Amino acid sequence: MAPKTEGKRKAGKAEDEPSAKRREKEDVEADDPVDPRPATKATVGFGVDTTLNVVPAMQGKVLMALTEGGMQYFIAGARASVGMKAGRYLYEVKIIEALNPVESTQGIHGRTPQPRQLVRLGFSTAGSSLVLGDCDDCVYFDSEGNFGSGKMKKRTSQNFTRDQVISVLLNLDVNSHNAYTMSLFREGVRIAEPQTIPERLRDKPLFPHICFRNVTVQVNMGPNLLKPLPFSCRMLQSAAGSDVIESKESEVGVYNVMMPVAVPDEGTFDWLDEWLEAHPSWVELSDRKLQQWAVSSGLSKPKGGSQDKPSFAYGITGMEDMSLQKVISAIAPTIPRNYVVMEVKANLLASERAEVLKRFSLPHFKKTAMVIMGKPTEEFKDKLRTKILREKQAKADNEWRLKKAQREQQKQMLRRQRELAEFRRKAEENRKKLLEEAMKKAGDEKKEDGKEMKKEVKEELEEEKLDAKEEKVEAKEEEVKEEDDGLGDEPPKVELSEEELHFDFRPVIVGDIAPAALSKSLSSFTIPEESEGFDSVEFVWEGEVECKEYLRRWVLDAKQSTRMEDLQPSKSFTDKMGSWQKQFQEWQAKQKSFKTNPTKKEKKDVEEAETKVDIFSIEDVDDMGDGEPLYANFAPEDWALLQLRYESYLLQESFKKDVDDPDRTDIPEVHIAFYFSKYFKRTLNPQVFNFKTVGELLDLVKDTVIVSGEPAVLTSNMDDVDSPEIFVKLTEECRRDRQRRTDAGDETAKLKYTPPAGAATAIRPQVPLQSWSQIRPGFKAPGKGAPPVGGLGNLGWKGKW
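All values derive from a computational prediction rather than experimental measurement.

A. View of the nonpolar core. One finds W271, L285, M319, Y339, F360, M373 and F525 to be the most contacted residues of the largest nonpolar core, which totals 74 residues. Look past the residues within four positions of F525 in its chain and what remains in contact with it is K345, L348, L349, I513, L518, L551, W554 and V555.

B. Highlighting helix 7 (residues 378–441). The end-to-end C-alpha separation of helix 7 is 93 Å, in line with the 94 Å expected for 64 residues at 1.5 Å each. Among the residues making up helix 7, those that are buried are F380, K381, L384, R385, K387, I388, Q393, A396, D397, W400, E422 and A438.

C. Seen up close, helix 12 (residues 571–596). With 26 residues, helix 12 extends 38 Å between its outermost C-alpha atoms, agreeing within 8% with the 38 Å of an ideal straight helix rising 1.5 Å per residue. By the burial criterion, the buried members of helix 12 are F573, M577, W580, F584, W587, Q588, Q591, F594 and K595. Turning to helix 12, the residues buried within the fold contact helix 14 (636–659), helix 15 (672–680) and helix 17 (725–743).

D. Just the environment of I335, in detail. With respect to the element layout, I335 can be found in the loop between helix 5 (323–331) and strand 18 (339–341). Residue I335 is classed as buried on the basis of its relative accessible area, which comes to 14%. Once you skip the residues sitting within four places of it in the chain, I335 turns out to touch L52 and F365.

E. Representation of the pattern of salt bridges within the structure. In the structure shown here, the tally under the stated rule is 46 salt bridges. The residue E29 makes a salt bridge to R88 at a minimum N-O spacing of 2.8 Å. One end of the pair, E29, is in the loop between helix 1 (2–25) and strand 1 (54–57); the other, R88, is in strand 5 (residues 87–98), and 59 residues separate them in sequence. The exposure classification of E29 matches that of R88, with both residues buried.

F. Layout of the packing of helix 2 (residues 268–278) against helix 7. Axis separation between helix 2 and helix 7 bottoms out at 11 Å; the angle between their running directions is 95°. Taken together, helix 2 and helix 7 sit at an angle that is classed as roughly perpendicular. Every residue of helix 7 that contacts helix 2 at D270, W271, D273 and E274 is listed here: F380, K383, L384 and K387.

G. Summary view of the sheet that holds strand 12 (residues 189–196). Spatially, seven strands are ordered 1-2-14-5-10-11-12 in an open sheet, and the strand pairing comes out antiparallel. Since the sheet does not close on itself, it has two edges, and those belong to strand 1 and strand 12, each with one partner. On average, each strand axis in the sheet is tilted by 25° relative to the strand beside it, whichever way the strands run. Here strand 11 (residues 181–186) runs beside strand 12; their pairing, made up of five bridges, is antiparallel. Bridging from a neighbouring strand, L184 pairs with A192 of strand 12.

H. Region of the structure containing the sheet that holds strand 20 (residues 536–539). The parallel open sheet is built from five strands, whose spatial order is 17-18-16-19-20. Strands at the two margins of the open sheet, each flanked by one partner only, are strand 17 (283–285) and strand 20. Direction aside, the axes of adjacent strands within the sheet are offset by 25° on average. As judged from the three bridges shared by strand 17 and strand 18, these two strands associate in the parallel manner. Bridge pairing links V283 to Y339 in strand 18.

I. Structural view of the pairing of strand 22 (residues 705–708). Bridge count between strand 22 and strand 23 (residues 713–716): four bridges; the pairing is antiparallel. Paired with I706 across the bridge in strand 23 is T715. The hairpin turn running from strand 22 into strand 23, its antiparallel successor, is four residues long, and G709 in that turn takes a positive phi close to 95°.

J. Focus on the side chain of S124. The residue S124 is located in strand 6 (residues 118–124) in this model. S124 sits in the buried class, given a relative accessible area of 0%. Looking at S124, its side chain comes within polar contact range of the side chain of R79, at 2.9 Å. Within polar-contact distance, the side chain of S124 engages the side chain of H209 at 2.7 Å.

About the cut-offs
- Residues numbered from 1 in each chain as written.
- Predicted model: local features only at pLDDT ≥ 70, side-chain atom pairs only at ≥ 80, totals over all residues.
- Heavy atoms only, no water.
- Core = buried A, V, L, I, M, F, W, Y, C linked by side-chain atoms within 4.5 Å.
- Buried < 20%, exposed > 50% of the residue type's maximum accessible area, 1.4 Å probe, protein only.
- Contact = heavy atoms within 4.5 Å.
- Helix = DSSP H or I, 4+ residues; strand = E, 2+ residues; numbered from the N terminus.
- Expected span 1.5 Å × (residues − 1).
- Salt bridge = Lys/Arg side-chain N within 4 Å of Asp/Glu carboxyl O.
- Axes fitted to C-alpha atoms, helices over the stretch in contact; angles between N-to-C directions.
- Parallel < 35°, antiparallel > 145°, perpendicular 65-115°, else oblique.
- Pairing = 2+ DSSP bridges.
- Polar contact = N/O pair within 3.5 Å; in protein donor to acceptor, adjacent residues only side chain to side chain.

This is how it looks when you write it as structure tokens:
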């Protein structure tokens, strides 16, 4: 049996080989005619138009890619230096190595993405994205059998893999019946029918473009084929000179490094996007660009971060530990390119600028600082308004399409409901008609026969319903007038509002710099100067003097609105706070002692004494006479106000000393609660005094601190305080004033105070109980196991020991 099977396989193979040769000879492409035009003298290779992870070798005949520090997840792209304008030419690619780089997962939780091998072969326009499929100005086949252009991708070919010669043919010959198509061949055999390229690409020069990941490829631009095709066709290296064009590269031996220096959130990236659009060959070095590259390579964009430093929480060690940035910083200076170093915060710091200049110290790099500050030009504002209007229109279009689809869905549902109702109505009419006919036919028959007839009629009706469901009932139906959805046939045209027409900069949604990062470096922002090592410093919107003054005013305003996240209380504050807590506890203990053994005085005598005594003339707050302390009558709210006075005073004084910045001497009202929490490690809660805002709370201690000004800031009314006793005197003065007003019938003088959990409270007078009969007349003292005296209610005793 086995030999027969083998014989059948051999016979089948013998039959397949001639048919395959016939198909090869009958290819849709014709042989190249003799072309007397001279071939191009330009060498087709790969120059500056490659991503930074591409490593060309063997004079550009072999392309490799970096695979460390997260680079194994990024698609490498290389665009050839010569493009096609006309004619029919091809190039060849062979995968000579497949890599499986291993990524450390130490410290990473959850499932991590795995780097996948990928190859895309095609053509693109000059200046377009170096990742095929990232924009509409490209066309390509990939190793998984897809044909794509921009975001469009469809299955059209067979797969290809390692050690196979792949030929990519582009036909721009207008006289050919396959004009404006691209074909793919594997080992000299067609594996994809000619695919039409988009019309938008037909009048533009198209350059060979190769994208790959975790593989090494051999590239052959000619003039000799590695694998012959069923028809004769020249390779790109032997193309007619008039059919090709060389890419415009930078002046040989001279490259530029440009550092934009701009105020955060004031058109930084809008200006850069416009500049790069006019200079497409320049390479942007920034975290923003790395994230765009990651998204183009198939990774999902993580949320969070700022424009300057977006989040790199991809679940990949090499990206989360910033190895990716280190690789780029190391490799970029070794690759001759025109670079834009876009770091908003770093470019404003002289120390960070020095590091960049040090990296690009080779003589072929010309280093320029571009200062974009002040009032923008009208040209910039016009382009910004155009961009905002375009984004606003796109948003309105999407909303319109969504509503249109929803209304159409509702119409379809209503239409199906009406059709079903009509079907049921007709079925009911037919049922009644058949029933009447049956009854008429059986008119004189016996009752039993009539019942049998009805049964038969019912069975016929059931069959009629089944037939109606299976077949399409074509009958004239009443036309249903569909209501107008009110959305029209085209999306509404939007306009800019009055406010948007006067924008100098785009409204901030995601800030350029995170607040914590901004607060750390704000005081060190400076304008670059040539003495730092720049070949030139250019001012785009305003002159040097105006820009320096603009930055100075901006920093001053930012200091008032930016919190200092890294501010830490000094040792001086800690020592003073420790001494205060000790003193505070001593005062409360002395009040407790005095209340336990009070000096008997008539209420009238007390009031007269308080009237006669000048609080601020008292030398010892612990003893005004007869051992009575000044704070003897402090209630819980008075102790809370005493503490608030001292802490608000200490907060303002310590902040001023710890910050040590003449531009930051006071705390903005909006940041008082933040700094209070940072210094005292607890929340400043206005609700304990039934207030909603911190400003209202601090108004209770306006003899110590006030919140005033525009913008409102916290300022102290106290000079250097030698002893905290002054705060006891201020508190007692306010207590007496409230008491006088309350006695006079002023209900507004009463404080609505709710002690927070665990707060210190005033000590109530405790009278020793002589017997249990003082608790309840006739009550017999309990024996062993009874609750402690004075604690029944607080311990939740319910009559059981």
